[in-house]
Amino acid sequence: EESDMVKVTKTNPVLLETISELKRASRENDAPIWRDIAKRLERSRRNWSEVNISKLALLGEGETAVIAGKLLGAGLIDRAVTVAAFSCSDSAAQKIRAVGGEVLSIGELAEKNPKGTNVRIMG
């Protein structure tokens, strides 16, 4: 009798590429933060983080956050922060850019900041 647990394999090519890029960045730069994010992205999508923009108010001006999941547009932001998320709602991206912040993909952030220095994981 087969187990009831079904092993779900991820099929989104962008997601798979992001996960492998992050693992490589973690190894090459001795930066455990990227492995942590990769592991979070490997979990089932319903266990991914969903972070509202209002939560970014916890960050200081110019700080960087990474979200292993989706950034949502609920709430307000009043300072320029850099945020990397696997996906980001249009309203969230607009609000962040409106106050001079930056929205990146997780892969772009790993390229810009290979060591993951001063990056905070949100969610």
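Our subject in this report is the structure included herewith. Each chain has its residues counted from 1, running along the sequence as written. A pLDDT threshold of at least 70 governs which residues receive local features in this predicted model, and a stricter bar of 80 or more applies before side-chain atom pairs are shown or counted, although totals over entire chains, interfaces and linings include all residues. Only hydrogens and water are removed before side-chain values are computed, so all heavy atoms of the structure are retained for them.

1. A short note on helix H2 (residues 32–42)
Only protein chains enter the accessibility calculation, which uses a 1.4 Å probe; a residue is then buried when its area is under 20% of its type maximum, exposed when over 50%, and partly exposed in between. Only DSSP runs of H or I with at least four residues qualify as helices, and only runs of E with at least two residues qualify as strands; both kinds are numbered from the N terminus onward. Along H2, the residues that are buried comprise Ile33, Trp34, Ile37, Ala38 and Leu41. Along H2, the residues classed as buried sweep out an arc of 140 degrees about the axis, all on the same side. Structurally, H2 contributes buried residues whose contacts are with helix H1 (13–29), strand E2 (64–72), strand E3 (82–88), helix H4 (106–112) and strand E5 (119–122). In this context, the arc is that of the directions from the helix axis out to the C-beta atoms. Whether two residues are in contact is decided by their heavy atoms, any of which lying within 4.5 Å being enough.

2. A word on the packing of H1 against H2
Simply put, an axis is a line fit to the C-alpha atoms, just over the touching stretch for a helix, and the angle between two N-to-C directions goes from 0 to 180 degrees. Relative to each other, H1 and H2 sit at 155 degrees, their axes nearing to 7 Å. Relative to H2, the element H1 is oriented roughly antiparallel. As for the relative orientation of H1 and H2, their crossing is left-handed in sense. On H2, the residues that touch Leu15, Thr18, Ile19, Leu22, Lys23, Ala25, Ser26 and Arg27 of H1 are Pro32, Trp34, Arg35, Ile37, Ala38, Leu41 and Glu42. Among the residues making up the contact of H1 with H2, the classes are represented as 9 nonpolar, 2 polar and 4 charged. The cut-offs work like this: below 35 degrees is roughly parallel, past 145 is roughly antiparallel, 65 to 115 is roughly perpendicular, and the gaps in between are oblique. Here is the rule for handedness: rotate from the far helix to the near one, and if that takes an anticlockwise turn smaller than a right angle the crossing is left-handed, while a clockwise turn gives right-handed. Note that Gly is not counted as nonpolar here; it falls among the polar residues with everything else outside the nonpolar set of Ala, Val, Leu, Ile, Met, Phe, Trp, Tyr, Cys and Pro and the charged set of Asp, Glu, Lys and Arg.

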